[in-house]
Amino acid sequence: MTIDFATGALVPDPDVLDRRLADLDGYFVADIDDPGVGAYTVHEVRVPPTGNNLLSSTTVLAPGKVGDEYFFTKGHFHAIRDRAEIYLTLSGEGLLVMALEDGRTVTKEMRPGIANYVPGHWAHRSVNTGTTPLVFYAVYIGDAGYDYATIAERGFPVIVVEGEEGPEVRPNPRYVAS
Ligand code: PA5
Ligand code: MN
């Protein structure tokens, strides 16, 4: 397989998933102006999603904001909670926001050459704080699965907004604590 670090394109033959702002309806604090705008694309290597395999994908997350909030991925827990993951950033810049179900958060820098480890039990969301696409390669245990519903219902405990001196991590006024 080859990976284009600038575009995230995988060769050969990935599954491609496109997410528009419409797919992120209700995720941002502000309302979305144009639901047709592309937010991110995931190129997924075709490997059976079983516990003896490693799945991998590239994500290409566009630059942009909704209100003050930078574009982000939906974010998820793994359906099997203890499954870990590694993100290697290939181009662009951003933040990786991780959260436990009890509301604790950790935020890590994403830039080319940084490999971020997402331990089991941590929900994870990528945020593009730059002006170019944020491209990263993810590797995870094949049976991990996705739990999107918990984040869709509760949100992340923090949001990332453009402040006067750059990106700021702030409490999410819409977070629903457990
Ligand atoms: O496996 C991962 O965690 C990533 O490949 C994500 O699925 C990808 O970045 C898109 O984010 P989400 O699945 O939260 O929409
Ligand atoms: Mn994941």
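Residues numbered from 1 in each chain as written. Chains lettered and ligands numbered in written order. Predicted model: local features only at pLDDT ≥ 70, side-chain atom pairs only at ≥ 80, totals over all residues. Heavy atoms only, no water.

Caption draft 1: Region of the structure containing the coordination of the manganese ion (ligand 2). Protein coordination at the manganese ion (ligand 2) comes from H76 (NE2), H78 (NE2), E85 (OE) and H124 (NE2), with a distance range of 2.1 to 2.4 Å. Sequence positions of the residues that donate to the manganese ion (ligand 2) give the spacing H-x1-H-x6-E-x38-H. Note that H78 is positioned in the loop between β7 (69-70) and β8 (85-91) and H124 in strand β12 (residues 123-128), a separation of 46 residues in sequence. Pair check on accessibility: H78 and H124 agree, each one buried. (Donors = N, O, S within 2.8 Å, 3.2 Å for Na, K, Ca; no water. Helix = DSSP H or I, 4+ residues; strand = E, 2+ residues; numbered from the N terminus. Buried < 20%, exposed > 50% of the residue type's maximum accessible area, 1.4 Å probe, protein only.)

Caption draft 2: Spatial organisation of empty space enclosed by the protein. Under the defined criterion, the tally for this structure stands at 2 cavities of 30 Å³ or more. A volume near 50 Å³ is recorded for the largest cavity. Surrounding the largest cavity, F77, A99, L100, E101, T150, I151, R154, G155, F156, P157 and Y175 form its lining. Split into classes, the residues belonging to the lining of the largest cavity amount to 7 nonpolar, 2 polar and 2 charged. The computed volume of the second largest cavity comes to approximately 40 Å³. Y70, F72, V97, R125, V127, V158, I159 and V160 together form the lining of the second largest cavity. For the lining of the second largest cavity, the secondary-structure elements that each account for two or more residues are β12 and β14 (158-163). With 3 residues, the top contributor of residues to the lining of the second largest cavity is β14. When grouped by side-chain class, the residues that make up the lining of the second largest cavity number 7 nonpolar, no polar and 1 charged. (1 Å grid on protein atoms, 1.4 Å probe; cavity = no way out; pocket = protein on both sides within 12 Å on 5 of 7 lines; lining within 4 Å. Points joined across faces, edges and corners; volume = space filled by probe spheres on them. Nonpolar A, V, L, I, M, F, W, Y, C, P; charged D, E, K, R; others polar.)

Caption draft 3: Spotlight on the nonpolar core. With 32 residues, the main nonpolar core has L21 and L24 as its most contacted residues. Secondary structure elements with two or more residues in this core: β4 (38-44), β9 (94-99), β12, β13 (134-141) and β14. Looking at this core element by element, the count peaks at 5 residues for β9. If near-sequence neighbours (up to four positions away) are discounted, L24 is found in contact with I32, A39, Y40, F72, T73 and K74. (Core = buried A, V, L, I, M, F, W, Y, C linked by side-chain atoms within 4.5 Å. Contact = heavy atoms within 4.5 Å.)

Caption draft 4: Highlighting the sheet that holds strand β5 (residues 54-61). Strand order in this open sheet of 6 strands is β3-β4-β5-β13-β8-β11, and the pairing throughout is antiparallel. The open sheet has two edge strands with one neighbour each: β3 (15-20) and β11 (115-118). Ignoring which end each strand starts from, the neighbouring axes of this sheet average 20 degrees apart. (Pairing = 2+ DSSP bridges. Axes fitted to C-alpha atoms, helices over the stretch in contact; angles between N-to-C directions.)

Caption draft 5: Inspection of the site of ligand 1 at higher detail. Ligand 1 sits among 16 residues. The nearest are Y40, T59, E85, Y87 and Y148. With the chains in place, 98% of the 370 Å² that ligand 1 exposes on its own is no longer accessible. Spatially, ligand 1 is embedded in the largest pocket. Counting residues per element, the ones that place at least two in the shell around ligand 1 are β4, β5, β8 and β13. Tallying contributions element by element places β13 first for the shell around ligand 1, with 3 residues. Class assignment for the residues of the shell around ligand 1 results in 8 nonpolar, 6 polar and 2 charged. (Near = heavy atom within 4 Å. Areas by Shrake-Rupley, 256 points an atom, 1.4 Å probe, with all protein chains shown as cover. Sits in = over half its atoms within 2 Å of the grid points.)

Caption draft 6: Just the side chain of N116, in detail. Residue placement: N116 occurs in strand β11. Overall, N116 belongs to the buried group, its relative accessible area being 7%.

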